[in-house]
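# Examining the three-dimensional arrangement
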Amino acid sequence: ITKDTVPDIWLCDDCTLQTTVVEQAKVFARGSRDSDSLTSTDHNHVLRQLLLSYLSWTAQASHSQIAERAREFLIASWVKQLEGSDETLGSFDLGLVRNFAISQWTLPTPQPNQQRPRAHLTDDGNQRIMTSLVASSELCVSFNRLLGVILRLMGDKLASLRKLSVKAILQVVNIDPALMTQPTVRKEVSRCFHDESISVREAAVSLVGDYIIQSPNLAAAFHAPLLERVVDKGISVRKRAVRIFRDVLLSNPTYEGRVAACHAMMQRAADRKEDDGVRDLIHETFHTLWFNSKAFDMGTTGSPAKSKPGQMGTKAELYCKEVSAQMVEVVRVSGSNEVLSTLVKGLLFGFAEGDKDKKNVERKKRQEDSHSQCKLLVKALIELLLSFEDTREHKEDDGKQLVAILATLGVFAQTFPELVVPHVDTLVPYLKGDNGVKRYEAAVVSQVSSMISGASSHFGSGELNRLTSGELPTDLVNICYKFPSEAVTSAVEALAKLANHPDAASDSIQEKKLLKLATQFYSYLLKTKDVTNDFSSMKKSVRDNVRRALAALGSICRFYERAGAADDHTLDSSVFVIETDVAKLQLDNLSNAAFALFLQYLSKEDESTKCLALRAMNGVFISRPRVVLVAEQMGIITSVIGDEAPPSVQIESLRCWRDILISEETRIDSGAAKAKMEAQKNVTLSKRIGGDQDGDSTISGSVLTKHSERLYALTLSKDEKVRHMIIDLIGHLLRQGLINPMETVPHLLAVQGDVKCPSTRALALKLLQTEGEKRPDMLRQRICAGIKQAFHFQRNVYSDSTNGSAKVTALIAKSDGPKDGWETIFDAVIKESAIRNKKAQRQGLLKGIISLFEKDPDVKYSNADQLPMLAFASEILGNL
């Protein structure tokens, strides 16, 4: 009501309601016509009449079909209710009320300048009428009872009923999210998160997802249950959980659980067994969050937004500042930048590209589109680093934050090393090792050294001379004397890359520093090699010095590229001789003398020194693959993986072989091997043809293939760390096609019997899943051989005897599901390979196991020694 249209008479909603009740009582009441004697049922009839009058006037005034239909529905439902009502519930004559309601079915013809009825309410009054009528309806009165029925159905035996009941709750929550605040509802929904049925779990996750999207402030209450569903065994459940986190993160970038959610999703994306649909959703989420091109728009004017001095001003820079902080938080929680590195490289260059030639154009375009974004992210990370230094309070956690920032920066340094070049001066001071983070100093200098190493190839001549004429080479050398082996390796790599730079002089400062470092460590090892045969009895200072010397010298041999680095086909072991005159040592002849010196330390009695020597020799093997042939001729490989070798030496040798395979794979895939050979002008054409990069890469694999029987035998080692390491190595050999899968699968199946080492079982299961995808029939064909191998595995590895016989069992407690019970050691393999779901393969599997019980027709009597193995097979057969 405006001040110009104030009516002569105006009644508030309450007065209108009271007046209408009195008037209606005079017409319809059977006995006393006093309004005080009316019941709530009588009041509802009055409210319906008021609502009907409003709808009738609206339909006449606006000619709205919606209002007309609403009016007719109100009359019909009112009359229907009157027909079944009890006369004793109120004072009104229900027959009169019914007749009056029916008489209003036909809408009166509107009159010119027709006014609203005298007894009308405001919009607020009409809303109050609707609320009162709905609250007194049969549905609302019986709502708690109906809700109780649905909650009980959520625990029904039938999964279909449980799913439908959850969806019924979902429909109500979409209208009234407050329902989820009831403890009984939340308890049942939480229980459904762990239901044995995938469809029920998916319905429960969908319910919670819709709820927290409508009420983002309550997302934290369901954060932990949703995080568990990201690793659910049901693909549809994982998809739904990822979608929920995607929507939450996009709608609320400052969500408190974003770090844990991002870390969990990145782990799923990095898992090579993850479903492509789930992985695509995760990639889409992170691409939108961190690499969305629209987020880097400058705005409609195309000019940067105004900002205060010292602050990043453009919309893109502000966005990158927030993104960089999120990335650092994720790295800090995960403790490593490995998962983030995989994700960022994949987002920029593609995942599982396959044929790289066909994808080269697409990858190049994606790289160009993302380069500017990564440049802004690197700039934001540098700003974050400077801001951290300005505001740090020198607390214990400062070191962890500093390492996280540098590790995140290192991800982009690996992807686009040239982006780090403008910021080298900001990073170099951290190599001093006095950053006030004592526990994390080694990690700090290691991260910065790795970034310097990667960026070194992009240094121009002037930049190289400026940096190397300063304190950079000295700082890298000092790291080798002060910090553990991991930091030593990174520092040596950086110094070697600077020495091998194309613009570096032959007598450059960095090369002199590297030669002096190598000479000092070589001299120390030469001096102490005959001091004792068991360094475990020496002082700790001596042991630490030997450790440092071997690590540094092995790294120099690995990373420094010798002139004429390509070895002859017929490399003679006689060239590996210890040089006693240290003055004759040069970086070009260091590798041969160092390898001979490493052999001396490999022959020591204590296991620690043997492992250190192996690790140092590994540097020579990686830089000069043909030296592996010499080691094979000398019997070194046989000795370090043989039965006589201690478990720690076996583990170290297997780890070295794994590193060699990964290094060769990276060298070939990145094109570094080809570029290196083409850059060597002194290598003849015949050597390039005979000793090309692909030829050298197969040497290590060929030598390992020769020892495949010994590698298979190591799967029966009593040391669980050896078993885990050999399965890891076998995985790399399988991926690179260096061993026969038909021979390998039974040994992987046997490791499913390693019930006391779940991590090794899980690793072997992943390899079996991969082989099953490539060759679906192989697992079924080799299951019998796998049963035999699993029996012998448990008999040999778990040699604990009970009543004179080894304890062997094919049954383990169920690993998932709410119901207790038992499953066979091969259940996971059968489930993942889908043998159980295919009738022909299932029948073939059962026939294969039954064939183990068939008697050899050429043998008169069965061998009684076979009975334990057959009992083992019968346990599997009986539980399939």
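Everything here concerns the structure above.
Below is a short write-up of the structure. In this text, all values refer to a predicted model and were calculated from it rather than measured experimentally.

## Let's talk about the side chain of Gln 650
As for its position among the elements, Gln 650 is in helix α30 (residues 647–669). Among the residues examined, Gln 650 registers a relative accessible area of 6% and is labelled buried. Polar side-chain contacts of Gln 650 include one of 3.4 Å to the backbone oxygen of Ala 645. Gln 650 has contacts with Val 640, Ile 641, Gly 642, Asp 643, Ala 645, Arg 710, Leu 714 and Val 722, leaving out every residue within four places of it along the chain.

## Topic: empty space enclosed by the protein
Taken as a whole and assessed by the stated rule, the structure comprises 5 cavities of 30 Å³ or more. By volume, the largest cavity is sized at about 100 Å³. Those elements that provide at least two residues to the lining of the largest cavity are α27 (607–623), α29 (636–641) and α30. Here the element with the most residues in the lining of the largest cavity is α30; it accounts for 4 residues. Partitioned by chemical class, the residues of the lining of the largest cavity number 8 nonpolar, 2 polar and no charged.

## So, helix α9 (residues 183–192)
Among all positions in α9, only Val 185, Glu 188, Val 189 and Cys 192 are buried. Taken down its axis, α9 places every buried residue within 100° of arc, on the same side. Away from its buried face by more than 90 degrees, α9 exposes Pro 183 and Lys 187. Elements in contact with the buried residues of α9: α7 (143–153), α8 (159–175) and α10 (198–214).

## With respect to the nonpolar core
Of all hydrophobic cores here, the largest spans 213 residues; its most connected members are Trp 290 and Phe 291. Core analysis: the second largest hydrophobic core is formed by 23 residues, Phe 28, Ala 29, Leu 55 and Phe 92 among them.

## Here we look at the packing of α8 against α10
Close contact between α8 and α10 brings their axes to 8 Å; oriented N to C, the two are set at 10°. By the angle class used here, α8 and α10 are roughly parallel. Within the contact between the two elements, α8 uses Ala 159, Arg 162, Lys 163, Val 166, Lys 167, Ile 169, Leu 170, Val 173 and Asn 174 and α10 uses Ser 199, Val 200, Ala 203, Ala 204, Ser 206, Leu 207, Asp 210, Tyr 211 and Gln 214. When its residues are assigned to classes, the contact of α8 with α10 shows 10 nonpolar, 4 polar and 4 charged.

## A short note on a nonpolar patch on the surface
On the surface, Val 149, Leu 153, Leu 158, Leu 161 and Leu 164 cluster together into a nonpolar patch covering about 390 Å² of accessible area. Among the secondary structure elements, those contributing two or more residues to the nonpolar patch are α7 and α8.

## Concerning the packing of aromatic side chains
In this structure the tally under the stated criterion is 8 aromatic pairs. Where Tyr 481 meets Phe 521, the ring centres are 5.4 Å apart and the plane angle is 35°; that geometry is what we call tilted. You can see Tyr 481 sitting in helix α22 (residues 472–482) and its partner Phe 521 sitting in helix α24 (residues 509–528), a full 40 residues away along the chain. A relative accessible area of 6% means that Phe 521 is categorised as buried. Between Phe 595 and Phe 621, the ring centres sit 5.9 Å apart and the planes meet at 65°, which makes this aromatic pair edge-to-face.

## Some words on the pattern of salt bridges
Where charged atoms from two side chains of opposite charge approach closely, those side chains can pair. Within this structure, the stated rule accounts for 30 salt bridges. The partner of Glu 68 in a salt bridge is Arg 71, with the nearest N and O atoms 3.9 Å apart. On the criterion of helical spacing, the pair formed by Glu 68 and Arg 71 is a turn pair, its members being 3 residues apart in helix α3 (residues 65–83). Taken individually, Glu 68 and Arg 71 each receive the classification buried, so the pair is uniform in this respect. The residue Asp 728 makes a salt bridge to Arg 658 at a minimum N-O spacing of 3.2 Å.

## Considering α10
Between its first and last C-alpha, α10 extends 25 Å over 17 residues, near the 24 Å set by a 1.5 Å rise per residue. Of the residues making up α10, those classed as buried are Val 200, Arg 201, Ala 203, Ala 204, Val 205, Ser 206, Leu 207, Val 208, Gly 209, Tyr 211 and Ile 212. At its buried positions, α10 is contacted by α8, α9, α11 (223–229) and α12 (235–251).

## Considering the environment of Arg 268
As for its position among the elements, Arg 268 is in helix α13 (residues 258–270). For Arg 268, a relative accessible area of 16% puts it in the buried group. Sequence separation between Arg 268 and Val 230 is 38 residues, and the spatial gap between their C-alpha atoms is 7.8 Å. Discounting chain neighbours no more than four positions away, the residues touching Arg 268 are Val 230, Val 231, Arg 238, Glu 274 and Ile 282.

Definitions and limits used
Residues numbered from 1 in each chain as written. Predicted model: local features only at pLDDT ≥ 70, side-chain atom pairs only at ≥ 80, totals over all residues. Heavy atoms only, no water. Helix = DSSP H or I, 4+ residues; strand = E, 2+ residues; numbered from the N terminus. Buried < 20%, exposed > 50% of the residue type's maximum accessible area, 1.4 Å probe, protein only. Polar contact = N/O pair within 3.5 Å; in protein donor to acceptor, adjacent residues only side chain to side chain. Contact = heavy atoms within 4.5 Å. 1 Å grid on protein atoms, 1.4 Å probe; cavity = no way out; pocket = protein on both sides within 12 Å on 5 of 7 lines; lining within 4 Å. Points joined across faces, edges and corners; volume = space filled by probe spheres on them. Nonpolar A, V, L, I, M, F, W, Y, C, P; charged D, E, K, R; others polar. Arc of directions from axis to C-beta. Core = buried A, V, L, I, M, F, W, Y, C linked by side-chain atoms within 4.5 Å. Axes fitted to C-alpha atoms, helices over the stretch in contact; angles between N-to-C directions. Parallel < 35°, antiparallel > 145°, perpendicular 65-115°, else oblique. Patch = residues over 30% accessible without salt bridge, like charges linked within 9 Å, V, L, I, M, F, W, Y side chains within 5 Å. Areas by Shrake-Rupley, 256 points an atom, 1.4 Å probe, with all protein chains shown as cover. Salt bridge = Lys/Arg side-chain N within 4 Å of Asp/Glu carboxyl O. Phe/Tyr/Trp six-rings, centres within 6.5 Å; stacked < 30°, edge-to-face > 60°. Expected span 1.5 Å × (residues − 1).

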